[in-house]
Amino acid sequence: MSLGTTAGAARIDWAGILFAALLTLFIALPLIVVGTWAFTEVWRYPSVIPQQFGLRFWSQTLSRSDVWESLFLSLRLTATVTLLSAVICLPAAYAFARMTFPGRNILFLSFLASHAFPKFGLLVAIAGIFLQLGLISTFWGVVLIQLVGTLMLMIWIPVAAFQNVDRRMEEAARDAGAAPLRVFWSITLPQAAPTIAAALLLTFVGTFYETEGAWLIGAPEVRTMPVLMITFINNQIVVQYGAVLSVMLWVPSFMALTFARRIVGTGAFARGFGA
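As annotated in an unreviewed UniProt entry, the protein chain carries the name Putative spermidine/putrescine transport system permease protein and is attributed to Rhizobium mongolense USDA 1844. The UniProt entry for the protein chain carries the following text under Sequence similarities (unreviewed entry): "Belongs to the binding-protein-dependent transport system permease family."

So this is what it looks like as structure tokens:
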């Protein structure tokens, strides 16, 4: 019995090692290669490692005016989308969490619709509508297309936040004579605020790095940071330019997602699904 148990454990360990190796090969390795290119000045085939490291291409990339224009445009675009998403979605999330009305469950699940079909096909269909409305290659056209992508995140996570508020504290405040608005601002919102902040952060990060909608709707006039990075790589201008931009995009994303992970666990998504 003991030998059989040991053999089973060994098989599980080998499976885990194989899985980790595959993850490293298909996920970590490309990231390492791109990160290496960002600090490489000379790397010629067939050498396995760069012949010369340096920061020369960082200064060249950061001295380009189109990089800074794309960065400021991305920040302005992302801030606008996040703000509009909060104004639209947070009241809706509160209604889904606290109120009962006809069609509630169907409407709640409908926010999955934009993620239930191939995204690019949906974007092409929307682009046809935007073309008729004159929104192609405009700032507000990109805002609208990216706003669609934030609906699920900004509805489902805040719903879980409002559902997990301690109702006993709210009832105690009302019994003490507090008005409904005072209960919301003093009891409900402070408890839900950390999770809502994480949802806003995830929305900001997701919007900043969104590429397909920004490229399809915004090109050529609206060129965000990720779109510029892809342009550098596809046009083979200088591979290090694209690599530098990739690292610049990775670092804040990693920090933001690490912070959000401390606040929102997988349980928040599961509770939102069960609303």
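Here the narrative resumes, following the displayed structure.
**Topic: the environment of L249**
Within the secondary structure layout, L249 lies in helix α12 (residues 239-263). We classify L249 as buried; its relative accessible area is 6%. Taking the C-alpha atoms as reference points, L249 and M229, separated by 20 residues in sequence, lie 9.7 Å from one another. With sequence-adjacent residues up to four places away left out, L249 is seen in contact with F208, Y209, M225, P226 and M229.

**Focus: helix α6 (residues 119-133)**
For α6, which comprises 15 residues, the first-to-last C-alpha distance of 21 Å matches the rise-based estimate of 21 Å (1.5 Å per residue) to within 8%. Count one or two residues on from α6 and you reach G134, which has phi positive near 75°.

**Digging into the nonpolar core**
Formed by 20 residues in total, the largest nonpolar core has its most connected members in I155 and V159. At the level of elements, α3 (65-98), α7 (139-163) and α9 (180-208) are the ones that each hand at least two residues to this core. Counting residues per element, this core draws most heavily on α7, which supplies seven residues. Ranked by size, the runner-up nonpolar core spans 17 residues in total, among them L77, I126, F139 and V227.

Analysis parameters
- Residues numbered from 1 in each chain as written.
- Predicted model: local features only at pLDDT ≥ 70, side-chain atom pairs only at ≥ 80, totals over all residues.
- Heavy atoms only, no water.
- UniProt positions renumbered as here; feature names shortened; annotations may be inferred.
- Helix = DSSP H or I, 4+ residues; strand = E, 2+ residues; numbered from the N terminus.
- Buried < 20%, exposed > 50% of the residue type's maximum accessible area, 1.4 Å probe, protein only.
- Contact = heavy atoms within 4.5 Å.
- Expected span 1.5 Å × (residues − 1).
- Core = buried A, V, L, I, M, F, W, Y, C linked by side-chain atoms within 4.5 Å.

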